[in-house]
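Below, each chain spelled out in residue letters.
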Amino acid sequence: MISAFFIFNQKGEVLISRLYRTDLKRSIADVFRIQVVSNSDVRSPIVTLGSTSFFHVRINNLYVVAVTKCNANAALVFEYCYRFIAIAKSYFGKVDEEAVKNNFVLIYELIDEINDFGYPQNSEIDTLKTYITTESIMSTASAVEESSKITTQATGATSWRRADVKYKKNEAFVDVVETVNLSMSAKGTVLRADVDGHILMRAYLSGTPECKFGLNDKLVIDKNDHGLGDAVELDDCRFHQCVRLDEFDSQRTISFIPPDGEFELMRYRSTSNVKLPLRVIPTVNEIGTTQVSYVVTVRTNFNNKLSATNVVVRIPTPLNTTTVDCKVANGKAKYVPAENVVVWKIPRIQGGAEVTFTGTAQLTSTTHRQVWARPPIDVDFQVLMFTASGLIVRFLKVFEKSNYHSIKWVRYLTKASGTYQIRF
Amino acid sequence: MAAQAGQDAKFFQRGKIQEFRAELQAAESKDRKFTKRKTVLKKIVANITMGNDMSPLFTDVVQCLGIPLIEIKKMVYLFLVCYGRAKAEQIHLVIPSFLQDCSDRNPLVRALAIRTMSYIPIPVVIDSLTEPLRHCLKDKDPYVRKTAAICVAKLYTADPRKAEKSGFVEMLRDLLLDPNATVVSNAVAALSEIGDRQDGVIFKLNLTVANKLLAALGESSEWGQIYILDSLLRYVPEKCSDAEIMAERIVAQLNHANSAVVLTCIKVLLYLMNYMENRKLIDYICKKMGPPLVTILSSGPEVQYVALRNILLIIQRRPSVLKNDVKVFFCKYNDPIYVKLAKLEIMYRLAREENAREVLAELQEYASEVDVDFVRKAVRSIGRLAIKVEAASDACIKALLELIETKVTYVVQETVIVVKDVFRRYPGKYEGIIPILCENLDMLDEPESKAAMVWIIGQFADRIENADELMDDLTYTFLEEPVEVQLALLTSSVKLFIYKSQSETAKTIVHKVLKWVTEEIDNPDLRDRGFMYWRMLAVNPAVAGEIVLAEKPAITTDSDRMDRGALDQLLLHTGTLGSIYHKNPEVSDG
């Protein structure tokens, strides 16, 4: 499996180094530094030299690297790296050189726990936090009982939840976060439009609650033949390990015992009937070789009770642009030469409204004609209480043997972040 | 419980052995709460990380083992794991402490002890480990048992004979029936590794054991599920129904959030399909595999890359998995280059008459991007699309002509290369565009594109008015050209002569070239071919014409397809490095 695990900074200096096997030496880190860190054009996340493969994931100013000497399960190696990053994020808030150096001892403890001989072991954040902490644990008698509870949880069927959770107020929060992917052609036709949804849950529930979660999932509705309003067609769903997969497979019911605290319940994808919350209409004309004129209109396509916030429209400009004069009635627009875009920031657009950007870019003359590659217009935004897929949470039932009352809140958010592209 | 942020970055400074030794010794006298020693140990660990040799501090560090603080113990253990193997003479100092911990009341301590000991595989440690390991394999706490299972694998790697003789492999097999799923999955992982070794123990599954493992699947962690699923490839179904039932039992795992679980599950399903007869079931399973694979594409780019390289193999073997989904493989502008190249390949594979128009529009967009390698592959794909889908060939040629208009050098060169193949595929259909190609002759300086153009001129010399002038220009630099181009020039000169045997220019050219090739060129291929042509033309020009201008075999895209046997072999390694490089791991070196 994984023979070694390293974390490097941007300069290629080793911040964490752990060998799990004897088929490698510590000096292998130098090979990575030379082959990957110092290489300006790395074209693959896996670099194989002879029988050694370096799998690397970049996060902020770090390289998280796993090294293997065998025909390793590549997906497992990367998922393990992602999991390490998630654990580090949960423990330290951010994952960068400073955080790693400040907490290296804890990181060494973690990587000794979550990986044995190169085989990933239990890596549920909740469980790990019960026994890998910054507080020193003395080896005492009471520690033994605690430890038995910990080991049961770490190896149990519900390894993601302790048996003795207690809350005064029992609450469950559900956040449906959808990312809209759009690729629109210059003619205005939708080339692809789909939604990646994540349902995050924060469960502050006592005991061992059994939860049942219901969506307006088309397949469920078809089965029951109720024909209630709009159904959402989900192309694919992927669940947290606490969800009973065979029940979903046979009856489309999502039933689970949640981990305590925050976790991602499910991920889904929807490609049909995607409601695009923002419509962008660009008119870009190259005037000779010295100017480009822009008229870009953004129209919101949802109920006027809602609004789009943190809207950032990035409008590409040719490489030989000198200045762009921008006129906007809403928000602020500025030419950013380093990135060859005009960045137009609009704090808020109400539903059913329309805002427009007008501008002209001045170009310097160039000696050789280079066709402008025309990268697409990129829009980032957020719309609260709106789902592009049309997904609605119909119910969340909580059953616990002590039969307590629990409060449930559901919020929806649709956003785009580097995924909403309009060609022109 | 929020962990307090540490402040240990300051310890990342190179330190001297003597200083650390002095600090440790000084701390022994007055160190309430052990903070002083904790600090020195942290400095030592930071130095180990930086690659500085801290092994001379062995005896000093080991002194700290008595301190009842887990954090300190773990740092000492890390030190031992790094340097233990090199300090055989001094390691006995720590063995009593290890043995004490192996029977500690706290299961976490017991597990930590055997885990650490097994990372120091030198004879004196292994000998001491044998008894405690035997107990731990039967420990009442599942956490200890699961750790012990992996220890057996470590032991086996260090000393296979001892591991077998001590009966550990047998005990590991017993753990396959353990009531705790985590123990079972670690035992499977250990046995799988042992079983994969050249020298020895065989690990195969019969139906009973396989079913027991499947029962543990539901209660295992995500990683445990991967180990168990992986091991199912060691089960050879005896009846179709056995394979079919097993497939139905694992198909729900396709909905797991961890993409490695999904890919490993697909690997097993594809394997089981080789033993299934029920066509309906096979189709049902294929359809269920598609959506999870597409969902992986919204995961991190590294995992996307693994999935994409595997999808390329899967759709060749089981096309029904992703028949109608070409759009999901369209490139996002900010995808990393390795994702884009992988998606491009799949887009081409999924292109059919129904979606050719959309695919072509996408390819045209890509041809105007900035990464040269990506642009060239996009242009090449337009050509391959023309060959693959006859109904789209007109539109593709139109697109290729537009690309030539851009006058971007690498685009034009790639276009010429690909147009040659289109001519071969559709003889008589597109030769009208040859004048446009000839206009751009000056731009072609790469061997492949130049050779392609020369081939075109030679092959269609009868339709190109000034073919002889063009060939005259091209052969001017004959002796400086690379071999690939020289070969093309040779053949084309002969073709030109045969088409235009009346032209004085053509005669001069072919004479010139043949003379060069037979008298001044060292390359044996060129020389031999030159002699052969000369003789043919001298003996019987008419027959020479028939041979040189004979109808070529139809060009197809069949060469794109991987050989079925090789494909099946690769699919047995779905999700692994071999599946990414498309190289069978048994065959390749590493």
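So, here's what we can say about the structure.

Calculation notes
Residues numbered from 1 in each chain as written. Chains lettered and ligands numbered in written order. Predicted model: local features only at pLDDT ≥ 70, side-chain atom pairs only at ≥ 80, totals over all residues. Heavy atoms only, no water. Helix = DSSP H or I, 4+ residues; strand = E, 2+ residues; numbered from the N terminus. Buried < 20%, exposed > 50% of the residue type's maximum accessible area, 1.4 Å probe, protein only. Areas by Shrake-Rupley, 256 points an atom, 1.4 Å probe, with all protein chains shown as cover. Lys, Arg positive; Asp, Glu negative; His and termini not counted. Charge placed at Lys NZ, Arg CZ, Asp CG, Glu CD. Rg over C-alpha atoms; globule rule 2.2 N^0.38 Å. Contact = heavy atoms within 4.5 Å. Pairing = 2+ DSSP bridges. Arc of directions from axis to C-beta. Core = buried A, V, L, I, M, F, W, Y, C linked by side-chain atoms within 4.5 Å. Salt bridge = Lys/Arg side-chain N within 4 Å of Asp/Glu carboxyl O. Phe/Tyr/Trp six-rings, centres within 6.5 Å; stacked < 30°, edge-to-face > 60°. Axes fitted to C-alpha atoms, helices over the stretch in contact; angles between N-to-C directions. Patch = residues over 30% accessible without salt bridge, like charges linked within 9 Å, V, L, I, M, F, W, Y side chains within 5 Å.

This paragraph deals with the overall build of chain A. Helices and strands together make up the secondary structure of chain A, namely eight helices and 24 strands. Taking the principal axes of the C-alpha coordinates as reference, chain A spans close to 80 × 65 × 35 Å. A total of 424 residues make up chain A; the buried ones form 57% of that total. Just so you have it, chain A exposes about 17900 Å², and 50% of that area is on carbon and sulfur atoms. Positive and negative side-chain charges in chain A, numbering 50 and 44 respectively, have mean positions lying 5 Å apart.

What follows concerns the overall build of chain B. Counting secondary structure elements, chain B contains 31 helices and zero strands. In terms of C-alpha radius of gyration, chain B reaches 34 Å, well past the compact-globule figure of 25 Å for 590 residues. Here chain B holds 590 residues, and 59% of them are scored as buried. Summarising the internal contacts of chain B: among those between residues at least 6 apart in sequence, 67% fall at separations of at least 24. When the accessible surface of chain B is summed, it comes to about 25100 Å², and 51% of that surface belongs to carbon and sulfur atoms. Positive and negative side-chain charges in chain B, numbering 76 and 79 respectively, have mean positions lying 9 Å apart.

We now examine unusual backbone geometry. Not every positive phi belongs to a glycine, and A:N403 is a case in point at roughly 55°. The residue A:N403 is located in the loop between β22 (393–399) and β23 (407–416) in this model.

All names here are of chain A. Both strand β18 (residues 332–336) and strand β19 (residues 341–350) contribute to a ladder of five bridges, which runs antiparallel. Directly across from K332, in β19, lies its bridge partner K345. Hairpin connection, β18 to β19: the antiparallel pair is bridged by four residues, and N340 has positive phi, about 55°.

Residue and element names in this part refer to chain B. Those residues of helix α30 (residues 564–571) lying buried are L567, L570 and L571. Projected down its long axis, α30 shows its buried positions confined to an angular sector of 100°, all on one face. Contacts made by the buried residues of α30 are with α15 (259–273), α17 (301–317) and α31 (577–581).

Let us look at the nonpolar core. The biggest cluster of nonpolar side chains holds 271 residues, and the ones touching the most others in it are B:I44, B:L80, B:I250, B:F329 and B:F423. Take this core: its biggest share by element is 14 residues, from helix α2 (residues 74–92) of chain A. Listed in part, the 41 residues of the second largest apolar core include A:A193, A:V296, A:V298 and A:I422.

Residue and element names in this part refer to chain B. Applying the stated criterion across every chain, the model contains 59 salt bridges over all chains. In this structure, D196 and R234 form a salt bridge, with 2.8 Å as the shortest nitrogen-oxygen distance. Of this pair, D196 sits in helix α11 (residues 181–196) while R234 sits in the loop between α13 (222–231) and α14 (240–250), and the two are 38 residues apart along the sequence. Accessibility expressed as a relative area gives 54% for D196, which makes it exposed. Overall, the relative accessible area of 16% leaves R234 in the buried class. Between D335 and K343 there is a salt bridge whose closest N-O contact spans 2.8 Å. Here D335 matches K343 in class, with each residue buried. One salt-bridge network, in which partners are shared between bridges, spans R376, R380, E414, E446 and E448.

Time to look at the packing of aromatic side chains. In this description, an aromatic ring pair is defined by two values, namely the gap between the centres and the angle between the planes. Counted by the stated rule, this structure contains 28 aromatic pairs over all chains. Both rings, one in A:F104 and one in B:F12, keep their centres 5.0 Å apart while their planes meet at 75°; by these two values the pair is edge-to-face. Taken as a pair, A:F104 in helix α4 (residues 104–113) and B:F12 in the segment before α1 (17–27) lie in two separate chains rather than in one. Each member of the pair, A:F104 as well as B:F12, carries the same accessibility label: buried. On the numbers, 5.5 Å between centres and 90° between planes, the contact of A:Y119 with B:Y227 is edge-to-face. Remark: B:Y227 occurs in helix α13 and A:Y119 occurs in strand β7 (residues 119–120); the pair is interchain, linking two chains. Classification of A:Y119 by relative accessible area gives buried; the value is 6%.

Here the focus is the sheet that holds strand β12 (residues 254–256) of chain A. In a beta sheet, neighbouring strands pair by backbone hydrogen bonds and run either parallel or antiparallel. All names here are of chain A. Reading across the sheet, the three strands line up as β12-β10-β22 and stay open at both edges, with antiparallel pairing between neighbours. Each edge of the open sheet is held by one strand with a lone partner, namely β12 and β22. On average, each strand axis in the sheet is tilted by 15° relative to the strand beside it, whichever way the strands run.

Another aspect to go through is a positive patch on the surface. Residues B:K30, B:R32, B:K33 and B:K36 make up a contiguous surface patch of positive charge. Note on placement: B:K30 falls in the loop between α1 and α2 (35–49).

On to the environment of A:I111. The topology assignment puts A:I111 in helix α4. In the structure, A:I111 is positioned 65 residues away from A:I46 in sequence and 21 Å away in space, judged by C-alpha atoms.

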